[in-house]
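Report on the structure
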Amino acid sequence: MSATIATPTPLQLQIRVAPEAPRTRWRATTCRARPASLPDAQVVTGRKGVSEYVEAAQQLTRWPDGGPPRWFSPLECGGAGGRISGAPTLLYLPGIDGVGLGLIRHHEALAKIFVLWCLHIPVKDRTSFEGLVEYVERTVKLESSRAPDRPVYLVGESIGACIALAGAARNRDTDLVLILVNPGTSFHKSKLQSLSAFLDLIPEPFHLNSPEFLNFLTVLLENFMQMLLTFIGRGTYLEEGGQALSEFLVDVLPRETIVWKLQMLRIASSFVNSRLHAVRAQTLVLASGYDVLLPSREEAQRLQSMLENCRVRHFRDNGHTILLEGGFDIVTTIKGAEYYRRSSQTDFIADYLPPTPSELKKILDSFGILNFANLVMLSTLPDGKIVRGLAGLPEEGPVVLVGYHMLMALELVPLVAGVLSSTGINLRGLGHPFLFNKYSEQLLPESSLFDVCRILGAVPVTTFNFYKLLSEKHFVLLYPGGAREVLHRKGEEYKLFWPEQPEFVRMASRFGAKIIPFGVVGEDDICDVLLDYNDLLKLPFYDIMDKKLNKDSVKLRADCTGEIQNQPIHPMVVLPKVPGRFYFIFGKPIETRGREMELTEKENAQHMYLHVKSEVENCIKYLKEKREEDPYRSILPRLLYQAVHGHNAEIPTFEL
């Protein structure tokens with residue numbers, strides 16, 4: 001079966017020519033031709049997606065146009081009705097194609113949290129690299145002066161990433177956030193370098209027909225074909241789609257333009273690499289594992305080591321055109337890396353963006369073993385009755401949920417995602433600073449779990465963040481046992497490692513927050529600990545890793561004594577088991593409203609603290625006993641039940 005690229009329905013773009021007028025917008029009609037009444041505007045139709053990108057790009061290049069470069073914004077991004085208050089400006093700097101439609105799949109999502117403008121470089125435009133840098137620089141300065149308390153975001157692909165880095169190096173005191181997608185700074189290490197040098201040796205126009213140049217065009221077409229495959233499925237015959245992409249490359253990247261862009265990329269790479277030391281901007285590098293044009297994965301590591309404020313996200317299964325490929329979401333990536341902010345400093349509470357339904361579904365799908373079929377969630381009504389489900393949770397905050405932290409925090413994602421999907425309540429967890437430290441990410445093979453925690457609402461555990469969350473009536477998730485419980489030793493499962501001081505009681509009472517103790521069991525049905533911290537210390541050379549992991553870590557309980565004080569971060573070696581079932585129970589809410597004065601007394605606060613701790617222990621004890629009565633504790637009975645009643649059927653559990 002052959003695949004075709006369908007004719008799209010209208011998508012409208014509005015063009016802003018002059019960077020000196022950042023607030024000026026032209027409203028385009030749905031016609032395909034250039035309106036006579038808008039001589040400086042180009043109108044493009046199409047929907048969001050790969051085929052729509054091709055269609056819209058061809059229309060943008062339809063008219064003879066030698067420049068100059070200009071900014072445009074899709075009409076669906078023009079209205080501020082659905083945009084978050086105080087949204088910063090995002091400027092998109094395209095790659096080698098220069099069209100400016102690389103974010104077409106992300107327009108609607110970006111428009112909700114940014115004021116989005118995209119740079120269009122006409123096919124026949126021959127503005128130099130430094131000229132483009134100066135053009136972008138003027139716009140950045142204008143946007144920064146218009147909103148000096150907000151950052152300006154620069155999202156750049158290949159050449160566009162070089163423009164972004166050059167602008168940041170020349171404007172060190174401007175608040176910039178750089179999102180670099182497969183940056184062209186690795187040009188000198190790529191096959192493109194050899195091609196560019198070869199083309200310089202052959203006189204025009206013979207180099208346009210050289211085998212080396214034609215081979216490059218083939219690779220470029222294959223890269224765009226890979227992009228198309230991510231949308232319609234691999235193994236599909238793409239005769240018509242491939243023909244459309246070939247025609248697209250002829251229109252958007254004629255041979256003379258490709259030669260010009262290669263020369264520009266060589267200049268841009270040299271220009272930027274000599275100035276990387278001057279870049280202070282907050283930077284996020286997105287690197288594709290299957291980039292056939294640039295060695296992006298290796299380049300990301302190099303940039304991370306050279307830039308003082310840089311983080312990296314690797315995407316092993318994506319190609320050079322990652323922004324147009326299915327399964328990638330730039331907004332989710334920015335949120336997960338904690339790179340979204342609307343002021344000079346990140347505000348973990350005010351700048352937080354709750355997960356969208358699609359993000360939540362993706363998170364739940366990625367934790368298949370811990371899905372709802374394997375969860376039992378119970379709650380306690382105000383009268384003390386235990387019910388299945390979350391009817392016992394309050395409808396409004398402020399609320400502090402206090403409980404046991406399972407081995408390796410196995411319960412965290414199912415708990416937060418399960419509560420959010422069932423009730424709409426977003427639990428804001430107070431997390432260890434290790435989750436937010438960029439140096440921690442460099443020591444780990446995969447940082448995606450950290451990103452998931454941040455997307456679900458985790459914030460660094462500080463008194464200020466705790467105070468602010470309660471003052472804004474959030475549901476706060478608190479684990480007094482912290483890292484010591486998460487990384488407990490052999491034989492210490494379900495043991496609480498709480499400090500002696502009533503850390504959270506007086507803060508909760510200050511805002512009249514309800515305190516809900518909860519327990520969770522099931523880690524011993526998931527895995528067994530093979531090597532704990534005591535075992536690791538006996539291994540040769542482990543002390544080197546131990547120092548690296550804990551060198552810059554924040555000591556949360558340095559004033560405590562005994563086991564509570566000893567909270568080193570370390571790996572765990574576990575033996576997976578046939579997955580059992582996780583059981584949660586939320587205890588009866590404990591009121592603090594009206595007891596503010598009473599709980600200011602240290603003795604009274606200590607008494608309530610011990611009461612909460614006792615309730616958590618009772619919850620754990622209850623679940624450990626009751627799960628023995630669950631006929632569906634093992635995975636086989638659950639699979640059989642689903643086979644009979646359907647995959648989405650709620651699986652029974654023990655009698656309450």
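Please read all numbers here as calculations on a predicted model, not as lab measurements.

A few words on the overall build of the protein chain. From N to C terminus, the protein chain includes 22 helices and 18 strands. Looking at the protein chain as a whole, 57% of its 656 residues qualify as buried. Of the contacts formed within the protein chain by residues at least 6 apart in sequence, a portion of 80% connects residues at least 24 apart. Roughly 28,200 Å² of accessible area belongs to the protein chain as shown, and the carbon and sulfur atoms make up 54% of that amount.

Attention now goes to the packing of aromatic side chains. As enumerated under the stated definition, the model contains 16 aromatic pairs in all. Pairing W498 with F504 gives two aromatic rings, centres 6.4 Å apart and planes at 80 degrees, and the pair type is edge-to-face. Each member of the pair, W498 as well as F504, is classed as buried. With 5.8 Å between their ring centres and 45 degrees between their planes, W498 and Y609 make a pair best called tilted. Linking W498 in the loop between α16 (482-486) and α17 (505-510) with Y609 in helix α21 (residues 602-626), this pair joins segments that are 111 residues apart in sequence.

The interhelical angle for the contact between helix α3 (residues 129-146) and helix α8 (residues 255-273), taken along N-to-C directions, is 65 degrees, at an axis separation of 9 Å. Counting all contacts with α3, which are made through F129, E130 and L132, the residues of α8 involved are M264, A268, F271 and V272. Here the contact of α3 with α8 is built from residues that sort into six nonpolar, no polar and one charged.

Quick look at the side chain of R302 now. In this fold, R302 is placed in helix α9 (residues 296-306). In contact with R302, other than residues within four places in its own chain, are T185, H188, K189, N273 and L276.

Within the secondary structure layout, S269 lies in helix α8. Look at S269 and you get buried, because its relative accessible area is 2%. The contact partners of S269, leaving out residues within four places of it in the chain, are C162, G184, T185, S186, F187 and H188.

Further remarks concern the packing of helix α4 (residues 159-170) against α8. The geometry of α4 relative to α8 is characterised by a closest axis approach of 9 Å and an angle of 35 degrees between their N-to-C directions. Here α4 and α8 pass one another in a crossing that is left-handed. Contact with α4, carried on its side by I159, C162, L165, A166 and R170, involves K261, M264, L265, A268, S269, F271 and V272 of α8 and no other residues of that element.

Let us look at the nonpolar core. Judged by nonpolar contacts, the single largest core of 87 residues is most densely connected at L401, L415, L427, L477, F504 and F586. Take this core: its biggest share by element is eight residues, from α21. Once you skip the residues sitting within four places of it in the chain, L427 turns out to touch L401, L415, V416, V419, L456, F475 and L477. Residues W71, V152, A268 and L276 belong to the second largest nonpolar core, which totals 44 residues.

Glycine aside, residues mostly have negative phi angles, and peptide bonds mostly take the trans form. In this structure, the amide linkage connecting G397 to the following residue, P398, adopts the cis form with an omega of 10 degrees. Position of P398 relative to the elements: it lies in the loop between β10 (386-388) and β11 (399-403). Within the chain, M408 stands out as a residue other than glycine whose phi angle is a positive 55 degrees. Tracing the chain through its elements places M408 in the loop between β11 and α12 (412-423).

Before going further, it helps to spend a moment on the pairing of strand β18 (residues 582-586). The element β18 is largely enclosed, with a buried count of five among its five residues. With five bridges joining them, strand β9 (residues 375-380) and β18 adopt parallel strand pairing. Within β18, the residue paired with L378 across the bridge is I585. Here strand β15 (residues 514-521) pairs with β18 via four bridges, running antiparallel. Opposite F518, over in β18, you have F586 as the bridge partner.

Evaluated as defined, the whole model comprises 23 salt bridges. For D451, the salt bridge goes to R313, with nearest N and O atoms at 2.7 Å. Placement of D451 in helix α14 (residues 448-455) and of R313 in strand β8 (residues 310-319) is noted, with a sequence separation of 138 residues between them. Taken individually, D451 and R313 each receive the classification buried, so the pair is uniform in this respect.

Strand order in the open sheet made by the eight strands is β10-β9-β18-β15-β11-β14-β12-β13, with mixed pairing throughout. Since the sheet does not close on itself, it has two edges, and those belong to β10 and β13 (459-460), each with one partner. The pairing of β11 with β15 spans five bridges and is classified as parallel. Along β15, the bridge assignment pairs L401 with I516. Lying over the sheet, α12 contacts β9, β12 (427-431), β14 (475-478), β15 and β18, oriented at roughly 60 degrees with respect to β9. Lying over the sheet, α21 contacts β9, β10, β11, β15 and β18, oriented at roughly 30 degrees with respect to β15.

Where a strand is regular, its side chains alternate between the two sheet faces. Within strand β3 (residues 89-93), five of the five residues are buried, leaving the element largely enclosed by the surrounding structure. Of the two faces of β3, both are covered, the one formed by T89, L91 and L93 as well as the one formed by L90 and Y92. Note: β3 against strand β4 (residues 115-120), four bridges, orientation parallel. Bridging across to β4, T89 finds its partner in V115. Examined bridge by bridge, β3 and strand β5 (residues 152-157) share five bridges and lie parallel to one another. By the bridge assignment, L90 is partnered in β5 with Y153.

Attention now moves to helix α22 (residues 635-645). When α22 is considered as a whole, its buried residues turn out to be R638, Y641 and Q642. Taken around the axis of α22, the buried residues stretch over an arc of 95 degrees, which confines them to a single face. Counted as exposed and oriented over 90 degrees from the buried face of α22: L636, L640, A643 and V644. Directly after α22, the chain includes G646, whose backbone phi takes a positive value near 105 degrees.

Reading the values: rules and limits
Residue positions are given per chain, counting from 1 as you read along its sequence in written order. In keeping with the model being predicted, local features are shown solely for residues with a pLDDT of at least 70 and side-chain atom pairs are shown and tallied solely at 80 or more, while totals for entire chains, interfaces and linings include all residues. In computing side-chain properties, one takes all heavy atoms of the structure into account and sets aside hydrogens as well as water. Helix and strand definitions here come from DSSP, where helices need a minimum of 4 consecutive H or I residues and strands a minimum of 2 consecutive E residues; each element is numbered from the N-terminal end. Each residue's exposure class comes from its accessible area (1.4 Å probe, protein chains only) as a fraction of the maximum for that residue type: buried when under 20%, exposed when over 50%, partly exposed otherwise. By the convention used here, residues are in contact when the closest approach between their heavy atoms is within 4.5 Å. With residues, only the protein chains shown are counted as cover, and all accessible areas are computed by Shrake-Rupley using a 1.4 Å probe. In this scheme Phe, Tyr and Trp rings, the latter by its six-membered ring, pair at centre separations within 6.5 Å, and the angle between planes marks the pair as stacked below 30 degrees, edge-to-face above 60, and tilted otherwise. Note on definitions: angles span 0 to 180 degrees between N-to-C directions of axes, and those axes are lines fitted to C-alpha atoms, for helices only across the stretch in contact. By the convention adopted, Pro, Cys, Tyr, Trp, Phe, Met, Ile, Leu, Val and Ala count as nonpolar, Lys, Arg, Asp and Glu as charged, and the other residues, Gly among them, as polar. Handedness of a crossing is defined here by the sense of rotation of the near helix relative to the far one, left-handed for an anticlockwise turn of less than a right angle and right-handed for a clockwise turn. Residues belong to one nonpolar core when they are buried, are Ala, Val, Leu, Ile, Met, Phe, Trp, Tyr or Cys, and are joined through side-chain atoms within 4.5 Å. For two strands to count as paired, DSSP must find a minimum of two bridges between them. By definition, a salt bridge exists where a carboxyl oxygen of Asp or Glu is found within 4 Å of a side-chain nitrogen of Lys or Arg. Think of it as the arc spanned by the lines of direction from the helix axis to the C-beta atoms.

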